[in-house]
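Read off the chains here:
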Amino acid sequence: MLRRLISLVIVLWLVSFLTFFLLQVIPGDPAQLILGIEASPEALESLRAHLGLDKPWPLRYVAWVTDMLRGNMGMSIRLERPVSALIVERLPVTLSLAFTAMFIALIISFPAGIFSALKWNSPLDYFLLFVTQLGIAIPSFWMGILLILIFSLYFRLFPTGGFVSWWENPLEAFRHLVLPSVSLGLVAAAFLTRMLRSSMLEVLNQAYITAAKAKGLMSYQVIFRHALKNALIPVITLAGIQWSFLMGGSIVIEQVFALPGLGRLLLSAVYTRDIPLIQGLVMFITTVVVVSNFIVDLLYAYLDPRIRLE
Amino acid sequence: MLIATLFLILALSCARPAETPQAKPVKGGTLVVAISANPDGLDPHKTVAAVTFEVVKNLYDTLVESDTLGNIVPGLAEKWEASPDGLRWTFYLRKGVKFHNGREMTSADVKASFERILNPETKAPRAKDYAVIQNIETPDNYTVVFHLKEPQAAFLSNLAYGWASIVPVEEKDLRNRPVGTGPFRFVEWVPDSHVKLERFPDYFIKGQPYLDTVIFKIMPDPAAKLAALKAGEVDVVDQVPPQEVEELKKNPEIKLVQAPSNGIYIMALNNARPPFDKKEVRQAISYAVDKRGVIEAAQWGQGAPIGSHMPPVSPFYVDLTDKYPYSPDKARELLAQAGYSEGFEVTLIMPQPYDFHIRNCEVIADYLKKIGIKVKLETYEWGTWLEKVYKGRDYQATCIGHTGRLDPDPFLNRYVSDSKENYMNYNNPRYDEIMRQAAVATDFQKRKELYAEAQRLLAEDAVALYLMAPLWTVGMRKEVEGWKIYPVDIFDLRTVYKTSG
């Protein structure tokens, strides 16, 4: 357990260093991007000093890290607001989207994966294999645009984009989330279904499953108590990765559906070289990924007592 | 001026202005306008982004304004006069103009606004345009006198741009809580989602604006924007991509307002680096590319060809499009003369994510291949393009556009040899001389002649490949009336109304 926590900290530290360093070396001057191309050299110099960009980078790095540990993620150069406030503002959008997409992915993939494995080589299985292959191949943004054309334009069932917060109007909030979540969720479901199917097939062929059947256990007991729990391990890994991806901000889906989430914030931060904002967002997303992996590890231990967490 | 986001529209100066016919205006209603990007702050002094001014024009006013044909008309100032030597400009302000916070606007506010622009602490990107102001006097509450360091022909038109808006300087957070004299006042801005404005009842033009509420929805994806327009979720789409125009024309619920834009697309050439340091090579490029072919292939025919650095809508425009008629043979001949009979290899840089420039470059590459020039296409992200190509001038050729201005001086003086914006490295003492004279000349005819010669010089030296002035298309639902198109980056919603809904 302790070892895992230490490696978590090390990963976070490495990412912070790498991000900081990379941002120093890429072309693109934040002061220039703010003041525009007609700015005088004096104006640029004074802005750089104001932003603290004239101090040597090791000093700036240390200052940034110590600030972060105290909860201060710095000020966005472009938006002139604290980075932490910006993240908190966008978080509900990305969280709602990620949760709903994940939920859709799970309720589809679990039944589909299990049935596919149980009815192995049947027409149903082949059909599901075909559909999931499509889902893996189709990019989510294309799915998104297609869904807009069908359900927003043709059927006028859902809005074409935008975000309404749950506090304001739960029904509208839900309506605005459906299409983007489905675009993301279906694609994730395709991957998860495949993974669950192959994992289940592997487990179902094990000796202990035959033994359980021979003992006279009912089919569903076999499936859920014995087979499924063991089949879940690679699936959990995949789900953890997908969750991290969703939380990282699905930039393209946010663009297509005009959702003010973390993804678009990060994209515009990169375009404008808003270094504090980029760093803050990268560290936030990294933390989410690292913590998710940690939770996945804990789930392993619950699912399979043979895996110990030292 | 570079097109950060291309939102330049200008009425045809030779036909009727691009306006929707004036039926009886209907008061009230909400207008939803889809724009392509998040404004970078609502403080007019601190930004140059076109998309920001689409929103911001409705919150603030300027001393003078541009009408749809590019003429300067009264804004916050009722009338003005210049001293004969051009060093003193006096403006007489309207009385009773209110800011959104209730206070009356007076000459002190004009003085404070310009001092704010010129103050280095404000970090105004356009401060340089107003550096010619020596000092400002306010003899009474409604009179402002600008003393200039030297006469400047573009001074009056420079006051019409959104970045010279008059603001109440006591408001400390104009970027997030804008306060102005404009027809609408600020309600809320949810970044990356929308900006909401409501009618300002004390606006100085009685009876305007007609709309109760305006919502600018930020929708970056073109397909989603158009779907929203067709579904009636938005009323106006700021920019219809050229490939969608034909299809939208057939839609009975949608109407299109189109006009040639006050801007140009070019392929810029680095005149200081081989192979484009030789005039014959540059001329060969102009002969080798069929401009009309590029317009057809890359912009679906939505543009007019040009021959120099000036759009046809400008009163100073000289038609030089046929200086280099399409002729691959002549191009090869010139290349041979310059010592490149075997052709050569060149890198063409395309700025991302500007699709129109990328498409232009791709079509041009094809034409150049036919005369033996091998083109390597490279894409640079915008920040990188600014740093390496525009500032660093480290390139051979690149496809880009330039936004027109109300006055030709700021548009053409980038070619002056020591200009910081001379990224094409043009060096012609005669050109420098012309620009110097024209900048201070006050006689319109004289300026017209000088700028005509400037354009001819640029064409003669084939400084860049001058492609086209693109056609601008705004899409809107049939119920929207009163939409006017201007030669500057704005959406002026004062005259807009909806006939139903």
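The shown structure was predicted, so the numbers you read here are calculated from the model rather than taken from an experiment.

To continue, consider the overall build of chain B. Within chain B one finds 13 helices and 20 strands. For 501 residues, the compact-globule formula gives about 23 Å, and the C-alpha radius of gyration of chain B, at 23 Å, lands near that figure. In terms of principal-axis extent, the alpha carbons of chain B reach across some 70 × 55 × 40 Å. For chain B, the proportion of its 501 residues judged to be buried stands at 62%. With an accessible surface of roughly 18,200 Å², chain B has 49% of that area assigned to carbon and sulfur atoms.

Residue and element names in this part refer to chain B. For helix α5 (residues 242–249), the complete set of buried residues consists of P242, V245 and L248. The arc that holds the buried residues of α5, viewed along the axis, is 95 degrees, so those residues lie on one side. Elements that come into contact with the buried residues of α5 comprise α4 (222–231), β12 (254–260), α7 (291–299), α9 (355–370) and β18 (464–477).

Counting residues at the interface gives 38 residues for chain A, matched by 39 residues for chain B. Our enumeration of links across chain A and chain B arrives at four salt bridges. Salt-bridge contacts for A:E80 lead to B:R175; the nearest nitrogen and oxygen are separated by 3.3 Å. Elements supplying a minimum of two residues to the side of chain A that touches chain B: α2 (30–35), α3 (41–50), α5 (83–118), α7 (140–154), α11 (251–256) and α12 (262–271) of chain A. Class assignment for the residues of the side of chain A that touches chain B results in 20 nonpolar, eight polar and ten charged.

Bringing the state of the cysteines into the picture now. All names here are of chain B. Scanning all chains against the criterion turns up one disulfide over all chains. Shown here is the disulfide that connects C361 with C399, its sulfur atoms set 2.2 Å apart. Because the sign of the S-S torsion sets the handedness, a value of about 105 degrees for the bond joining C361 and C399 places this disulfide among the right-handed ones. Note that C361 is positioned in helix α9 and C399 in strand β17 (residues 397–403), a separation of 38 residues in sequence. Exposure class is identical for C361 and C399. Each is buried.

Once that is clear, we can look at the packing of aromatic side chains. Residues and elements named next belong to chain B. The full count for this structure, using the stated rule, is 41 aromatic pairs over all chains. The interplanar angle of 35 degrees and the centroid separation of 6.3 Å between the aromatic rings of W80 and F91 together place this pair among those described as tilted. With a gap of eleven residues between them, W80 in strand β4 (residues 77–82) and F91 in strand β5 (residues 88–93) connect regions that are remote in the sequence. On the accessibility criterion, F91 (0% relative accessible area) is buried. Considering the side-chain rings of Y354 and W382, the 5.1 Å spacing of their centres and the 80 degrees angle between planes classify their relative orientation as edge-to-face. Residue Y354 is located in the loop between β15 (344–352) and α9, and its partner W382 is located in helix α10 (residues 382–391); the two are separated by 28 residues in the primary sequence. In this structure, Y354 and W382 share a single accessibility class: buried. Taken together, the ring pairs in this structure connect Y265, Y354, F356, W382, W385, Y390, Y395 and Y423 into an aromatic cluster. Sitting above the plane of the Y324 ring, K323 keeps its charged end 5.7 Å from the centroid. Above the plane of the ring of Y161 lies R405, whose end atom (NZ or CZ) is 5.0 Å from the centre.

With that settled, the discussion passes to the pattern of salt bridges. Residue and element names in this part refer to chain B. Applying the stated criterion across every chain, the model contains 40 salt bridges over all chains. Of the charged contacts in the structure, one is a salt bridge between D461 and K279, with a shortest N-O distance of 3.7 Å. Here D461, found in the loop between α13 (444–460) and β18, pairs with K279, found in helix α6 (residues 279–288); they are 182 residues apart in sequence, far enough to count as distant. For K279, a relative accessible area of 30% gives the class partly exposed. Among the salt bridges present, the one from R332 reaches D329, with a minimum N-O distance of 3.2 Å.

For helix α6 (residues 123–137) of chain A, built from 15 residues, the straight-helix expectation of 21 Å at 1.5 Å per residue is met to within 8% by its first-to-last C-alpha distance of 21 Å. Along its buried surface, α6(A) packs onto α5 and α8 (170–204) of chain A.

All names here are of chain B. The sheet built from four strands is open, its strands ordered β4-β5-β7-β6 with antiparallel pairing. This sheet does not close on itself; its edge strands, each paired only once, are β4 and β6 (133–140). Taking each pair of neighbouring strands and ignoring which way they run, the sheet shows an average axis angle of 20 degrees. Sheet analysis places β4 next to β5, joined by five bridges and oriented antiparallel. Looking at the pairing, K79 lines up with Y92 of β5. Running over the sheet, helix α2 (residues 107–118) touches β5, β6 and β7 (143–148) and is turned about 165 degrees from β6.

Here we come to the nonpolar core. All names here are of chain B. One finds I266, M267, V294, I364, W385, M424 and Y431 to be the most contacted residues of the largest nonpolar core, which totals 75 residues. Tallying contributions element by element places α9 first for this core, with seven residues. Contact partners of M424, with chain neighbours within four places excluded, come to I266, A268, L269, N270, N271, A272, Y395, Y415, V463 and A464. Core analysis: the next-biggest nonpolar cluster, separate from the first, contains 71 residues, L59, I136, Y142 and V474 among them.

Residue and element names in this part refer to chain B. With antiparallel pairing between neighbouring strands as the criterion, β4 and β5 make up a hairpin whose turn holds five residues, including G86 at a positive phi of roughly 75 degrees. Two elements, β5 and β7, share five bridges in a ladder whose sense is antiparallel. In the sheet register, Y92 faces β7, and the bridge partner there is T143.

This next bit is on unusual backbone geometry. Cis geometry is adopted by the peptide bond preceding B:P209, which originates at B:Q208 and carries an omega value of -5 degrees. Summarising the element assignment, B:P209 is placed in the loop between β9 (194–199) and β10 (213–218). With phi around 50 degrees, A:E80 is a residue other than glycine that occupies positive phi space. The topology assignment puts A:E80 in the loop between α4 (57–69) and α5.

All names here are of chain A. A cluster of nonpolar residues, F141, W142, L146, L149, I150, Y154, F155, L157 and V252, forms a patch on the protein surface that exposes about 890 Å² of accessible area. Residue contributions to the nonpolar patch peak at six residues, all from α7. As for its placement among the helices and strands, F155 is situated in the loop between α7 and α8.

Conventions we followed
- Residues numbered from 1 in each chain as written.
- Chains lettered and ligands numbered in written order.
- Predicted model: local features only at pLDDT ≥ 70, side-chain atom pairs only at ≥ 80, totals over all residues.
- Heavy atoms only, no water.
- Helix = DSSP H or I, 4+ residues; strand = E, 2+ residues; numbered from the N terminus.
- Rg over C-alpha atoms; globule rule 2.2 N^0.38 Å.
- Buried < 20%, exposed > 50% of the residue type's maximum accessible area, 1.4 Å probe, protein only.
- Areas by Shrake-Rupley, 256 points an atom, 1.4 Å probe, with all protein chains shown as cover.
- Arc of directions from axis to C-beta.
- Contact = heavy atoms within 4.5 Å.
- Salt bridge = Lys/Arg side-chain N within 4 Å of Asp/Glu carboxyl O.
- Nonpolar A, V, L, I, M, F, W, Y, C, P; charged D, E, K, R; others polar.
- Disulfide = S-S within 2.5 Å.
- Phe/Tyr/Trp six-rings, centres within 6.5 Å; stacked < 30°, edge-to-face > 60°.
- Lys NZ or Arg CZ within 6 Å of the ring centre and 35° of its normal.
- Expected span 1.5 Å × (residues − 1).
- Pairing = 2+ DSSP bridges.
- Axes fitted to C-alpha atoms, helices over the stretch in contact; angles between N-to-C directions.
- Core = buried A, V, L, I, M, F, W, Y, C linked by side-chain atoms within 4.5 Å.
- Patch = residues over 30% accessible without salt bridge, like charges linked within 9 Å, V, L, I, M, F, W, Y side chains within 5 Å.

Nothing here speaks to function; it is geometry throughout.
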